[in-house]
Amino acid sequence: MINEITGWSEMKSLKLSRLLVYLLMVMLILLLFIAYFVAVWYDELSDGTGIIKSSVVVPGTVMIYICDLFGLTAVFYLNRLLANISKDKVFIEQNTKCLRIISWCCVFAGIAMLVFSLWRYYFGICAFFAMFMGLVMRVLKNVFEKAVELKSESDFTI
Amino acid sequence: MAIIVNLDVMMAKRKISSGELAEKVGITAANLSILKTGKAKAVRFSTLDKICDVLECQPGDILEHEKE
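Analysis parameters
Residues numbered from 1 in each chain as written. Chains lettered and ligands numbered in written order. Predicted model: local features only at pLDDT ≥ 70, side-chain atom pairs only at ≥ 80, totals over all residues. Heavy atoms only, no water. Helix = DSSP H or I, 4+ residues; strand = E, 2+ residues; numbered from the N terminus. Contact = heavy atoms within 4.5 Å. Buried area = accessible area lost by both parts, 1.4 Å probe. Polar contact = N/O pair within 3.5 Å; in protein donor to acceptor, adjacent residues only side chain to side chain. Salt bridge = Lys/Arg side-chain N within 4 Å of Asp/Glu carboxyl O. Buried < 20%, exposed > 50% of the residue type's maximum accessible area, 1.4 Å probe, protein only.

### Thoughts on the environment of Cys105 of chain A
All names here are of chain A.
- Looking at where Cys105 falls in the secondary structure, it is placed in helix H3 (residues 93-116).
- As for Cys105 and Cys67, which are separated by 38 residues in sequence, their C-alpha atoms are 8.5 Å apart.
- Apart from the residues within four sequence positions on either side, Cys105 is in contact with Phe70, Thr73 and Ala74.

Following this line, the structure appears as structure tokens:
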């Protein structure tokens, strides 16, 4: 459907979403190569406000790698979800699975950040937001699960 | 499911084919197959009404409840 005022269509919106997902995927892949340098830069930049006062280069690098891998997994499934939606396959089991995986990725990335907050307290806030995102995705997954069930019921109503 | 659809039995009694019944009731052959094989999750009253009309029977002749 095309919006008469903006000329923006549903397909264009989906294409933009997929483009952004690809962009994010590229950024996350790049981050895999520069994780160590980001951690070194962050170590020089930040002050030691955490329970553990040591350098954050090693834990920071580990945290970035863990979060990056979960981020890449989430983005991969986000892309699959958008691909299914563009094929008009919205309320299917596979999309529910995608949302469940994305939700767990957010939670695990949140746990990684929570551990890192031992070195830098403010990563606890990032952990909270990641876990909150995981919760939102989980609720969305529950909505999709119910919608799949209702669609199946509707399809098999004669 | 505890509800058994005896549409096959009734169709045999009335000597009517699936295609003919589907056409008279106004549903697709695929949907009639879903109904006959017991895969259907619900039946609309309007569909049941038409089936009973065509087969000249009662809903109880087509649907049966069995304890699980």
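### Focus on the interface of chain A and chain B
- Listed per partner, the contact involves 5 residues of chain A and 11 residues of chain B.
- Taken together, both faces of the contact between chain A and chain B bury some 750 Å²; the carbon and sulfur share is 63%.
- Per-residue buried area on chain A facing chain B is highest for Phe156, Thr157 and Ile158 of chain A; these three make up 83% of the total on that side.
- Counting the contacts that link chain A with chain B gives 6 residue pairs in polar contact (both at pLDDT 80 or more).

### Topic: the pattern of salt bridges
Residue and element names in this part refer to chain A.
- Under the definition given, this model contains 6 salt bridges over all chains.
- For the salt bridge of Glu149 with Lys146, the shortest nitrogen-to-oxygen distance reads 3.4 Å. With a gap of 3 residues between them, Glu149 and Lys146 both fall in helix H4 (residues 123-155), about one helical turn apart.
- Among the residues examined, Glu149 registers a relative accessible area of 41% and is labelled partly exposed.
- Overall, Lys146 belongs to the partly exposed group, its relative accessible area being 44%.

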